[in-house]
Each structure stands twice: as structure tokens, then as C-alpha cells.
There are 2 protein chains.
Amino acid sequence: MAGGIGSRLWPLSRKVYPKQFHDLLGCGRTLLQQTFDRYSRIVPLKNIIVSTNSDYSALVKEQLPQLSSDQILHEPTYRGTAPSIAYVACHIRQLNPQANIVVAQADQLILDENMFVETVNHGLDFVATRSNLVVVGIKPTCPETRYGYIQAEAVEEDVDNGTFYKVRTFTEKPAYEFAKVFMESGEFYWNSGIYIWNVQTIIDTMTELLPDMMGELERVFREYPNRDERRRRVYDAYTSFPNVSMDYAVMERADNVYLQIGKFGWADLGTWDSLYSTFPKDSNGNALVKKSRTITYNSRDNVVVLPKDKLAIIQDVDDLLIADVGNVLLVCKKGREGDIRKFLNDARMKYGDEFV
Amino acid sequence: MAGGIGSRLWPLSRKVYPKQFHDLLGCGRTLLQQTFDRYSRIVPLKNIIVSTNSDYSALVKEQLPQLSSDQILHEPTYRGTAPSIAYVACHIRQLNPQANIVVAQADQLILDENMFVETVNHGLDFVATRSNLVVVGIKPTCPETRYGYIQAEAVEEDVDNGTFYKVRTFTEKPAYEFAKVFMESGEFYWNSGIYIWNVQTIIDTMTELLPDMMGELERVFREYPNRDERRRRVYDAYTSFPNVSMDYAVMERADNVYLQIGKFGWADLGTWDSLYSTFPKDSNGNALVKKSRTITYNSRDNVVVLPKDKLAIIQDVDDLLIADVGNVLLVCKKGREGDIRKFLNDARMKYGDEFV
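Since the structure is predicted, the reported quantities are computational estimates derived from the model, not experimental observations.

A. How the structure looks around the sheet that holds strand 11 (residues 287-289) of chain B. An order of 12(A)-14(A)-16(B)-15(B)-13(B)-11(B) is seen for the six strands of this open sheet, with the pairing classed as mixed. Bordering the open sheet on either side are strand 12 (293-297) of chain A together with strand 11 of chain B, each of which pairs with just one other strand. Averaged over all pairs of adjacent strands, the angle between their axes in this sheet comes to 10°, without regard to strand direction. Summarising the sheet, strand 14 (residues 311-315) of chain A and strand 16 (residues 328-333) of chain B pair through four bridges and their orientation is parallel.

Below you can see the structure in the form of C-alpha cells.
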């Protein structure tokens, strides 16, 4: 899934060039490319499907020239993760009605790639023989309020050395006090947004929970076997789909969900705070995103992102987010996630789409 | 005089594009052009001479296409204001041995242009008939520590409505306590750096105070009547001249100096603090240099400069200098004038001339 505009990372993530197309870690590969590389170790190249907004299909092709155009599915408009996953599931069933699927996010940091590959392979084995939906959960290392939490049933099931729990509850981003209790209880895990399931299981579950959308999709796939025609028809239908997330519309309501524990070192890179938490810091706690060249004096716990070839001099400031990206410079206190969208909206109100 | 690199305004003022060539006030004319416009009301076009570093002669020609190349004098290297003024004086005497000269700085803000024109004209009248050096002084409006101060003798001389005092002392940038006493005494004026004199008076005075340099200059002018040859010879001699300021080498030592009061609203634009003091501010005290487009939230007393077409979002920060210019972003507390050169030097040490 590589279709979001990443507005919580504005102005780094921009409508015309969202975060997944950036080399955010300064390693020479964009987040999309890193995700591709990671899953190439699990899935044959021909079985990798990228779902993106039609605005970004040229960027996807450019960054992943290995993919044929059949492997890129376009959404005409953003409708959340549930419609996107439903469309891809129908598409994959057309190719192979027995397929097992892992749904990948293009904006995640994975530290131990070997452990990650092993985990996903165990998950794929698990769903191959059971009609269960699997979500990968990460043992919390701090009471993070930016993540969703998943509560596991105490009963653990070991399958081929993978650890799976039946899911009891999903909780959206909790307040700090709750996050603390969740973490201490030992029953809660961060929701990684990595899902694993058999194609028939997810289609059956979504047909039950989102019957109108799935009915329409199934009809289009049935009535238009020609690929191009089908694409156009899905395109037309897409705007009528509800704008809902997979967790809200499906995972929280389904009764066949398992949690698989991931122990590979994981972080979401969707917000400035997540970048700050994730990035290596200098001895004063300053995180330099994209290896930004910065000379600091008496400055602590800042996060700085600059264009390549630019130099920042930072003196006597603490806890700031300093993001110099394209035609926008943002200087504000860290840890105010909610304000980023306000800035973006105010810029749009005042100046139109120039800075979006 | 338009030859400085303006390092106290780094990174706005850059070696390849110093502040005098910027439209700092966002009015459509650069500081150099504004200075030219201002003096065009006093001096015939053909009598305006621009003294600059040879690196900037193309910029001067580009910004002042009205000037012939005879009117631009090149210094091969920066040696302070005294050698520069001496060279120009010798050049002007060659053109007209009776000339009266006003020495202009290209980085000043003048509020009342009519009053300014009147003042300079009175000054030129004053020096036409007396062997005195005149420096224009500004009545302090605050105990500013960024300026030099000139103490006047109590005895005032009125000439054609211009007010002139004999000078008692020059004081370089004073500590705040002194500046306060200076201001309260009523005897002290800010040194504007605007000098007025007859060409023979300044050459005689400098010959007395800087005999080696003046001897060399006089010799070159005497021995090389051909303009191009003379320019080359001055060029060669220039590097051997002492690096001294006019105030230090001449004005503080001469005994024929008068202070003329300027009441036209004046500010030096040489430092970030001076820009902050000078610029119009929004209701929260934020100064937006070059009309930088900025949306502020809960932020006070900042100075912001941005590229045209860029937007800054500033939240929860006070008293910062935020300068985004070319390949450098500077974020630091205001009011640390001395640190700017340190930043520039550290950038040079670490990265070479890329950011100078």
C-alpha cells in the first residue's frame, strides 16, 4: 500500500511527492523501495502488487522499474485502507484463488530483516490452513500514544515456532495513562498494520462486514473479465466506496482475528514524532533526518530535515521541529502531532494549493 | 562604498552576493539602487562613483546600468574603509581638484529623504569654504550598543540652517551602561558613517595621518596618467595598504572634524539586530524581512527571512532569528551579533567555501 499523502509529515510529505517516495533514512533507497526489497525476500517478484493513487503511478514505476504495469493498481481517490485492500484482494483472487496475502505498509522501519522474513513466512503458513485474519503485533517498549494497541487473549498458540494469540480488543491511539496501563499489563501489543490472510478468508470477512462495497467489486470483477475495462469500472465505482480504515471497518469487528508477535524491531514512520523517536541522535539528542548537514550549538532534542546540499546552523533552541522542505519551512515545538494538519490547512486556506 | 561582504548578516549576505545587492526592504530596489536613487537627487549622475570589490563590479553594472565603467572603482581586496576612501579621493581630484565629496554607505535606511537631501546639501556647502571634515551624527533614540558614538563640543555653529558641532571624541560600540549615559548626556550622537569634505581637505588630512599609503597613491596617480595603466598600478599597490577603518585611522585622530546633525530618521542595516530594530513588525513583534510569507502561532519577537515564493510556519518560538537563504538555514536566538561570524567560520572550517 503506497497511496497515502502522509499529511502528518507535512511539509516533508507533500501531495505531489509523499513520504513513501523519499529516501527518508538517507540510505540510498526510498521507503517504497526499502519495502519492496524487504518483501522480495518473501514473495516472488511477479506476486508483488503495489496499490497507489493514480497520481503516483508514474513515481511507483520510476522507483520500482522491476514491476510490470499489471502489478500496479490505481485508486482514483483516497478512500482509506479498507476499499484499497478489498480491491487488491479481488485482483489477487483473479490471479490465484488460493493465494495467501501479506499486506505491507510502505512507511515502516524494520530493524531485523531476517527475523521479519521469518515472522511473515510463519504468518503465511498459519493462514494457509486456517480461516483466520492475522495482524502482526509488536511488544511495546514504551507507553507510546501514537500507536493503536491490540489486546491478546491469554491463550497462546504455537505454530511452527510462530507465536499467535487470539485477539480480544483493538484500541485506537490511547491517552498516556491508558498506554502505560496497557504496557504494564503485558497483554497489549502495538498494531503494526501488517496483515496476513488467505485471499478467500479476507473476501468472505469483508463481504460480511462491508456487503455493499464488496458486492459492487465482485460484480465488476465478474462482469468485466477484460483487464483494462475492469480497471476503468473499478475506477468509476471507487468514489462511491466508504472512506474507512481496515482496523475500524474490519479488524475490530471480525471474530476470526489472530495476533502474531513480531520481534524484529519496528517503528511507524508516519509522524514527526515517530521520525524523532526512530532516528539516530547526536550526543545532544538532535535527530538529523535524511542525514541533514547541521552544526548545532547549545541545542537539544531537535529534529531537523533539510534539502540535500543545504547546511543548517542551530543555536540555543530545544525541542524544535525544523523542517525545510521545498517551498515550506516549518519551525515549531516537537510533540504537537495534531497541529501539523492545522498548519497545512491554514496554508491552503491562505495561499491555495501552492504549499500543499 | 559598496565593497563589503556583510558577514555580520550571514547567511543573508553572502560572499558572492552581499547584502547591498539585495532588495532587503522588499521595495523593488536593492540597497545599492536605493542609495544611488537617494544621492541622484544631490549629485549629477556623472559625479557618482561606486567603489567596490572587483568581484562585484559585474553586479554593480547590472544593478546600476546608468553608470559608465569609469564610474566604478575596483579594489582587488578588502582593506577597510580608509584605503578605499583615499583611492576614491585621489580619483576625484583628478577629475576636479575643487570637488566636494559626500561618502555614502550602501547599507543604510533613510526615512525622510527630503530632509536627508537638505542635510547633505548643507554639509557640502559647509565644507566648500572650510578645511573641515564633516561626519553626520544622529540623535540617539535609544542606548543602542551596535553603533559608534560621537561626542560634540557644546558650542554649536549654525551655517545656512545646518547645525554643526566641533567633535570632541569618537567612541566605538559602547557597553550598554555607557550607551545609556551617552544618550542621557545629550552630547553624544550616533556615527552614521556619512562623511562630507572637500577633496583637498581629505587628501591633506590623510597624507598627514597615513603618509605611506597616501604617498604611494599620489605617486601612482602622478606617474600613470593613463587610466587603465593607473588602475592596474593601484590594483597592485592595494594589497600593501593597511587594513584600517576611516574612523579609527582618520576621524578619531584628525583635529578638524565637525559633526553635522542629521534628523532624517536613520538606521544602519549591517546586522541582524539592526534589521530587527528597523523592520516593521506584526502585532506579536515578528519582523518579516524581504516581506517573507509567514504564518505564526504563539510566537513573538522573531525575525524571519525567506526566499521569495517560500512559506514559513512558525509556532511556539520567541526571540529567534530564522534566516533561510540559499543553501544555509540559520536558527538561533536574536541578539548574539558576535556569534554570526563564528557560525560562518565554523561552516567554512567544516565544509570549505560552499556556504560562505
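That shown, we press on.
B. How the structure looks around the interface of chain A and chain B. Across the contact, 36 residues belong to chain A and 36 residues belong to chain B. When chain A packs against chain B, the two sides together hide about 3,000 Å² of surface, and 58% of this comes from carbon and sulfur. Across the contact surface, chain A and chain B share six salt bridges. With its nearest N and O atoms 2.4 Å apart, the salt bridge here joins B:Asp316 to A:Arg336.

C. Geometry of the confidence of the model for chain A. Mean pLDDT over chain A: 93, with 98% of residues reaching 70 or higher. The ipTM, which scores confidence in the relative placement of chains, is 0.81 for this predicted complex, and the corresponding pTM is 0.83.

D. Seen up close, the environment of B:Asp255. Within the secondary structure, B:Asp255 is located in the loop between helix 9 (246-251) and strand 9 (257-262). Along the primary structure B:Asp255 and B:Pro18 are separated by 237 residues, whereas in three dimensions their C-alpha atoms are 35 Å apart.

E. Quick peek at the packing of helix 3 (residues 81-95) of chain A against helix 8 (residues 227-238) of chain A. Residue and element names in this part refer to chain A. Closest axis-to-axis distance for the helix 3/helix 8 pair is 12 Å, and the angle between their directions is 160°. Taken together, helix 3 and helix 8 sit at an angle that is classed as roughly antiparallel. Here the hand of the crossing between helix 3 and helix 8 comes out right-handed. Two secondary-structure elements touch here, helix 3 through Pro-83, Ser-84, Tyr-87, His-91 and Gln-94 and helix 8 through Arg-230, Arg-231, Val-234 and Tyr-238. Class assignment for the residues of the contact of helix 3 with helix 8 results in four nonpolar, three polar and two charged.

F. Quick look at the relation of the copies chain A and chain B. Taken as rigid bodies, chain A and chain B are interconverted by a rotation of 180° and an axial shift of 0.0 Å, the fit giving an RMSD of 0.0 Å. Here the two chains are linked by the operation of a two-fold rotation axis. Most of the interface of chain A is mirrored in chain B, where 100% of its interface residues are also at the interface.

G. Main features of helix 3 (residues 81-95) of chain B. Residues and elements named next belong to chain B. Its 15 residues give helix 3 an end-to-end C-alpha distance of 21 Å, which sits within 8% of 21 Å, the value for a rise of 1.5 Å per residue. Of all 15 residues in helix 3, eleven are buried, a share of seventy percent or more. For helix 3, the complete set of buried residues consists of Ala-82, Pro-83, Ser-84, Ile-85, Ala-86, Tyr-87, Val-88, Ala-89, Cys-90, His-91 and Ile-92.

H. Focus on the sheet that holds strand 16 (residues 328-333) of chain A. If you trace the six strands from one edge of the open sheet to the other, you get 11(A)-13(A)-15(A)-16(A)-14(B)-12(B), paired in mixed fashion. Every other strand in the sheet has two partners, leaving strand 11 (287-289) of chain A together with strand 12 (293-297) of chain B as the edge strands with one partner each. Neighbour to neighbour, the strand axes of the sheet diverge by 10° on average, direction disregarded. When strand 11 of chain A meets strand 13 (residues 303-305) of chain A, the two strands line up parallel, connected through three bridges. By the bridge assignment, A:Val289 is partnered in strand 13 of chain A with A:Val305. Of the strands in this sheet, strand 15 (320-325) and strand 16 of chain A together with strand 12 and strand 14 (311-315) of chain B are in contact with helix 11 (residues 337-351) of chain A, which crosses strand 12 of chain B at around 140°.

Each value, and the rule that gives it
- Position numbers for residues count from 1 along each chain, tracking the sequence in the order it is written.
- Written order determines the labels here, with chains lettered from A and ligands numbered from 1.
- Only residues with pLDDT of at least 70 get local features here, since the model is predicted, and only at 80 or more are side-chain atom pairs given and counted; chain-wide, interface and lining totals rely on the full set of residues.
- In computing side-chain properties, one takes all heavy atoms of the structure into account and sets aside hydrogens as well as water.
- A pair of strands is treated as paired once DSSP finds two or more bridges between them.
- Secondary structure is summarised from DSSP: a helix means a run of H or I of at least four residues, a strand means a run of E of at least two, and numbering begins at the N terminus for each.
- Axis definition: a line fitted to C-alpha atoms, over the contacting stretch in the case of helices. Angles run 0 to 180 degrees between N-to-C directions.
- Contacts between residues were defined by any pair of non-hydrogen atoms, one from each residue, lying within 4.5 Å.
- Accessible area, probed at 1.4 Å, shrinks when two parts are joined; the buried area is that loss added up over both.
- One side-chain nitrogen of Lys or Arg within 4 Å of one carboxyl oxygen of Asp or Glu is enough to make a salt bridge.
- As a per-residue measure, pLDDT tells how confident the predictor is, with possible values from 0 to 100.
- Roughly parallel refers to an angle under 35 degrees, roughly antiparallel to one over 145, roughly perpendicular to one between 65 and 115, and oblique to any angle outside these ranges.
- Less than a right angle of anticlockwise turn of the near helix away from the far helix marks a crossing as left-handed, whereas a clockwise turn marks it as right-handed.
- Asp, Glu, Lys and Arg are counted as charged, while Ala, Val, Leu, Ile, Met, Phe, Trp, Tyr, Cys and Pro are counted as nonpolar; the rest, among them Gly, fall into the polar class.
- All copies are superposed by least squares; the fitting set is the C-alpha atoms of residues with a pLDDT of at least 70 in both.
- What a helix is expected to span follows from its residue count: subtract one and scale by 1.5 Å.
- Each residue gets one of three labels from its accessible area relative to the maximum for its type: buried under 20%, exposed over 50%, partly exposed in between, using a 1.4 Å probe on protein chains only.

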